[in-house]
Number of protein chains: 2
Amino acid sequence: MEKIIASIITIGDELLIGQVIDTNSAFISQELNKIGVWVKRRVAVGDSREEIIRALNEESRDTNIIIITGGLGPTADDITKPVLCEYFGGKLVMNEEVRKHLVYLFEQVFRRPLIERNLKQAELPEVCTVLPNARGTAPGMWFEKDGKVFVSLPGVPHEMKGLITNEVLPRLQKTFSMPFIAHRTLLTAGIGESFIAETIKHWEEKLPEHLKLAYLPNYGMVRLRITGWSTDKAKLENELNTEFAQLKILVQEWLVTDEDHTLPMALSKLLRLKNKTMTTAESCTGGYIAHLITAIPGASNIYKGSIISYDNEIKIKELKVSPATLQKAGAVSEEVVKEMAAAVLMKMNTDYALAVSGIMGPDGGSPEKPVGTVWVAAGDRNKLVTQKFQFRFDRDRNIEMTATQALNLLRKFIVEHA
Amino acid sequence: MEKIIASIITIGDELLIGQVIDTNSAFISQELNKIGVWVKRRVAVGDSREEIIRALNEESRDTNIIIITGGLGPTADDITKPVLCEYFGGKLVMNEEVRKHLVYLFEQVFRRPLIERNLKQAELPEVCTVLPNARGTAPGMWFEKDGKVFVSLPGVPHEMKGLITNEVLPRLQKTFSMPFIAHRTLLTAGIGESFIAETIKHWEEKLPEHLKLAYLPNYGMVRLRITGWSTDKAKLENELNTEFAQLKILVQEWLVTDEDHTLPMALSKLLRLKNKTMTTAESCTGGYIAHLITAIPGASNIYKGSIISYDNEIKIKELKVSPATLQKAGAVSEEVVKEMAAAVLMKMNTDYALAVSGIMGPDGGSPEKPVGTVWVAAGDRNKLVTQKFQFRFDRDRNIEMTATQALNLLRKFIVEHA
C-alpha cells in the first residue's frame, strides 16, 4: 500500500508579518496522522492570487491531499474563495443551506444585522462539495482534481477544528485506503538531549527501518517519540510495544510519563489516581502554575485554589511570611518559599502545595540574585523539599521554566513520598 | 528600489506531525519586517535530505534571503548541517571558537560531561560564515550563493532570537539596501469583523495602492493593521499618520488601543499612567487573568496579588462569599462575582478588582447554565459593574474568551470612571 501524503497551505498576510502564530497546522497534522496520512510539507503564503496558485500547483505535485486554511472571511483581504473558483473552474453560486445557516447565526446567535457582505459567504464554487460549518459563517469546500483532494477551511481555530473532525476526516477515510501509523511517546525531565542520545545509542541503532525516533526538547524537558508505519497493524503495535518497553527502562531515571501527556497532565493524573489535592502559592509565576493545572478538564477534583502573592505585603498578610525572614533572606529565598508553602497548605486545606519566588526579569536582578534566580518549595504537611534554579534570558521563558520545574518537583515529591 | 524578499524554511519532523507549534517563524517575520524585508512564504519540511534540498531550490527561486531554522541538534534526526554542506559545497571543518564555547558551556554552565556527540557541533561547513550562538551549542551559519543569502539557525527559540537580533539583522542591513516598511495597528473589542468592514468601507476603498489594510480577528477582538511600503520614509510616515487618524475616528467606539499592544498591555499601561493597582478573584479562569497581567514586565507597579477560589469552600473562606448566596444564586451568578470582587478589593488593598466565575466545560453545564456561561464583575470601592457572557465550544477557548472579556470590562470601567 502506498503512503497517503498531505500538504497544508495556510493563507494570510498576518502569518507572514508574524502577527499571529499558526496553531492550526499542528492540529491538522496531528489529526491527519491519526488516520494514517503523512504530512510532508506545510506552506504559508500571503493573500495574493499568484502565491495561492503557485502553492496549489507545487503542493499538489506529489501529494494526495491538500488542506488549505484561511482567507475565507467576509473582508476585502480574504481572496481564497475567488481564487479557488478560478483554479477549479466554474462560477460562484448561492448555496441555500449556507444562506439559511447565516440567517440563523446572525438572528439567533450573534444578534447582529446580517449585511450584504456576510451573505456573500453563502456564494460558493459550483464544482465543490460544501462542508457545513456549524460553528461559524464560512463553510468548508471539498474539491477533487486529478485524483487528488483539495479541502479549503476557515482559519478560525475552533471552526477549522469542528470541520476537520466532523467532515474532513470521515470523508478522507472513505476516499483513500490508508496504511497504519502509530506513535509511542514518553516525557523526560532533568537530562539533556545529547546525554539521552548517548544513553540510548545502542538501542536506537538497532531500531528497524520503519520505526523512527525523534527528540523533542522543550523548557528543560525532552520528549521522545517513536513513529511506526505499516499495513500490518497488529505486527506494528507489537514491535512498538517491545521497543517502547526497552526505551522506558533505559530512561527510567528521568521518566515523567510514558503517555503523550504534558507535565501538568501527568501531575493531574497522578493526583487523581491517589485522590489527593494540591494548591499553589505563587509569586513570580503570577498564577501561571495554577492556570496550567486548571486548564486541564476536571481540575476541580484535584485543585481548590491558590494565593498569588506578588507583593511582599501580600506574602505577609495572606501567607504569614515573617517580615523578619523577608528582611533577612529576601523574598527570593529558601526560607520564604517554605513559609509560603506551609501557609498555603493550611489555608487551602489540601494534601500538597507548591510555592515559588523568583526574579523573572528584565528588571529586579542583583549581583547576588541575578535575573532567573528562583526558589521552589514542594511538599505536604510532614515534609517540604526545596530547590534553587538559575535560569537565564527572557521573562516569558523564565516563567515557563519556573512553572515546569516547580510542577516536576512536586510530581517527584509525590512519587517518592507515596 | 527593489523589494527585498525573504522566505523561511523550518526543518523538523516534529512540525509535520504537529507535536510542536512553530512560534519561530512569527518572530523572524516580525524582525525582518522591521528592517524592511518582506516575507513572502514560509515552508516547513521534515528531516529529509530530499525535502530540504527541494525547499532550498524552490524558496531561493524568487527571493533574496532564505532563513532556515531547526535540525541542528546533536542527535541523529538532525541532518540540516550535512545537507547544507552538500548543497553549498566544501567539507565540514572543526571551528576552534565554537569548540572553545562548547567546552565553556558544558564545564561552566550545564556542568555536564562534554561528549563526542556534542563536540561534533563545532564541525561546520568551510564555506559558511559562522555566527556565534552565545545562548547555546549550535552556531548559526551564513552562506552566500548567486547573490542570495542563506542563514541557518538553531530551532530553540531563545537561541534563534539571540542570533537574529545580534547577528543576522545587522549583517542583512549591511548586505542589502532596503526600502522602508511601516505599520499602524489598532485593537477593537465588541464589534465583528464584517461590521467593521462595513463601517470603514468608504475609507478603505480610497486607500492608496501602497497602503494595505488587514483584519486580524482573535478571541472576540479585531486588530486592524495598515501596512505601507516606500523608499520615501517621511512621505510614507505622513500618509500613514493621516490615514490612521481617520481610521481611529471611524472605530472610536470600539477602540481598545491605537498601539500594537495586546489588551493586557493596554490595561497595564492605563493603570501605570494613573498610578493605580488592580487585583483579581478568579474561579473558572484559575489564575490565567493574573498570569496575563504578570507576564508583562514591571507588573509589580500595578498588581499585588490574587485569590484563586476554584472551589466554593475557598470562595466562602477566603472571599467571604455568603453560603446563602451560593446556595440561592449558584457559584456562577452576578451576586457571587460581586461579592468576590468586593472582598478581593479589600483583601489586596488595590484600586480596582476583577472577579470571574463560569463554566468552562467540557463538564459542569446544565440546561439553565450551559457550558460557556460566565459572570464577570469589575470596579472599584464605589462601584461594581457586571456582565454575563455566553461562550460556546471548548475549554481552552472559553478560558481565553473569559480572560479577554473580563480585562476589557475592567479597562472600560477605568476609562469611563476616571
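Residues numbered from 1 in each chain as written. Chains lettered and ligands numbered in written order. Predicted model: local features only at pLDDT ≥ 70, side-chain atom pairs only at ≥ 80, totals over all residues. Heavy atoms only, no water.

Engineer: In this structure, what is going on with unusual backbone geometry? I would like to understand it.
Structural biologist: Residue and element names in this part refer to chain A. Put simply, Gly-361 and Pro-362 share a cis peptide bond, and its omega is 0°. Inspection of the secondary structure puts Pro-362 in the loop between strand E15 (352-358) and strand E16 (373-379). The backbone of Asn-275 shows a phi angle near 60°, a positive value even though the residue is not glycine. Exposure remark for Asn-275: the relative accessible area of 67% places this residue in the exposed category. (Helix = DSSP H or I, 4+ residues; strand = E, 2+ residues; numbered from the N terminus. Buried < 20%, exposed > 50% of the residue type's maximum accessible area, 1.4 Å probe, protein only.)

Engineer: It is not clear to me how the environment of Ile-65 of chain B should be interpreted in this structure. Could you clarify?
Structural biologist: Inspection of the secondary structure assignment puts Ile-65 of chain B in strand E3 (residues 65-69). Residue contacts for Ile-65 of chain B: discarding those within four places in its chain leaves Ile-4, Ile-5, Ala-6, Ser-7, Val-37, Val-149, Leu-172 and Phe-176 of chain B. (Contact = heavy atoms within 4.5 Å.)

Engineer: Looking at this model, I keep getting lost on the side chain of Glu-282 of chain B. Mind explaining?
Structural biologist: Residue and element names in this part refer to chain B. Structurally, Glu-282 is set in strand E13 (residues 278-282). In this structure the side chain of Glu-282 is engaged in a polar contact, spanning 2.9 Å, whose partner is the backbone nitrogen of Gly-287. Aside from chain neighbours lying at most four places away, what touches Glu-282 is Gly-287, Tyr-288, Ile-289, Ala-290, Ile-307, Ile-308, Ser-309, Tyr-310, Met-340 and Val-356. (Polar contact = N/O pair within 3.5 Å; in protein donor to acceptor, adjacent residues only side chain to side chain.)

Engineer: It is not clear to me how the interface of chain B and chain A should be interpreted in this structure. Could you clarify?
Structural biologist: Reports of interface size often rely on the accessible area that becomes lost once the parts have come together. Across the contact, 103 residues belong to chain B and 102 residues belong to chain A. Buried area between chain B and chain A, summed over both chains or domains, comes out near 8,300 Å², and the portion from carbon and sulfur atoms is 53%. Considering only the surface of chain B that becomes buried against chain A, Ile-17, Arg-41 and Arg-42 of chain B emerge as the three largest contributors, covering 8% of it. At the surface where chain B touches chain A, the tally comes to 16 salt bridges. Linking Glu-58 of chain A and Arg-61 of chain B is a salt bridge whose minimum nitrogen-to-oxygen distance equals 3.2 Å. Here chain B and chain A share 46 residue pairs in polar contact (both at pLDDT 80 or more) between them. With 8 residues, the single largest contributor to the side of chain B that touches chain A is strand E2 (residues 37-45) of chain B. Residue composition of the side of chain B that touches chain A, by class: 41 nonpolar, 25 polar and 37 charged. As paired elements, strand E14 (residues 303-309) of chain A and strand E14 (residues 303-309) of chain B share 5 bridges and run antiparallel to each other. Each residue of the ladder has a partner; that of Gly-305 of chain A, found in E14 of chain B, is Ser-309 of chain B. (Buried area = accessible area lost by both parts, 1.4 Å probe. Salt bridge = Lys/Arg side-chain N within 4 Å of Asp/Glu carboxyl O. Nonpolar A, V, L, I, M, F, W, Y, C, P; charged D, E, K, R; others polar. Pairing = 2+ DSSP bridges.)

Engineer: Help me understand the relation of the copies chain B and chain A in this model?
Structural biologist: Structural alignment of chain B on chain A gives an RMSD of 0.0 Å, achieved by rotating through 180° and translating 0.0 Å along the axis. A rotation of that kind, with that shift, is consistent with a two-fold axis. (Least-squares fit on C-alpha atoms with pLDDT ≥ 70 in both.)

Engineer: What am I meant to see in the pairing of E2 of chain B here?
Structural biologist: E2 of chain B sits mainly inside the fold: 9 of its 9 residues count as buried. When strand E2 (residues 37-45) of chain A meets E2 of chain B, the two strands line up antiparallel, connected through 5 bridges. Note that in E2 of chain B the partner of Arg-42 of chain A across the bridge is Ala-44 of chain B. Bridge count between strand E1 (residues 4-11) of chain B and E2 of chain B: 8 bridges; the pairing is parallel. Residue Ser-7 of chain B lies in a different strand from E2 of chain B, and its bridge partner there is Arg-41 of chain B.

Engineer: Would you mind going over the nonpolar core with me for this structure?
Structural biologist: Most often, soluble globular proteins keep nonpolar side chains buried together rather than apart. Counting residues in hydrophobic clusters, the biggest one holds 78 residues, and the most contacted among them are Leu-354 of chain A together with Leu-354 of chain B. Membership of the second largest hydrophobic core comes to 52 residues, among which are Ile-66 of chain A together with Leu-72, Met-141 and Phe-143 of chain B. (Core = buried A, V, L, I, M, F, W, Y, C linked by side-chain atoms within 4.5 Å.)

Engineer: Is there a simple way to explain the pairing of strand E17 (residues 384-390) of chain A in this structure?
Structural biologist: Two faces, one strand: in a regular strand the side chains alternate between the faces of the sheet. Residues and elements named next belong to chain A. Two elements, E16 and E17, share 7 bridges in a ladder whose sense is antiparallel. Following the sheet pairing, Val-374 is matched in E17 by Phe-389. Taking the residues between adjacent antiparallel strands as the criterion, E16 and E17 are bridged by 4 residues.

Engineer: What is the right way to look at the packing of helix H13 (residues 312-319) of chain B against helix H15 (residues 334-348) of chain B in this model?
Structural biologist: Pairs of packed helices are described in terms of their axes, by the angle between the two and the distance that separates them. Residue and element names in this part refer to chain B. For the pair H13 and H15, the least separation of the axes is 10 Å and the interaxial angle reads 45°. Between H13 and H15, the angle falls in the class oblique. Regarding H13 and H15, the two cross each other, and that crossing is left-handed. Every residue of H15 that contacts H13 at Lys-315, Glu-318 and Leu-319 is listed here: Val-336, Glu-339, Met-340, Ala-343, Val-344 and Lys-347. Class assignment of the residues belonging to the contact of H13 with H15 gives a composition of 5 nonpolar, no polar and 4 charged. (Axes fitted to C-alpha atoms, helices over the stretch in contact; angles between N-to-C directions. Parallel < 35°, antiparallel > 145°, perpendicular 65-115°, else oblique. Left-handed = near helix turned anticlockwise from the far one by under 90°.)

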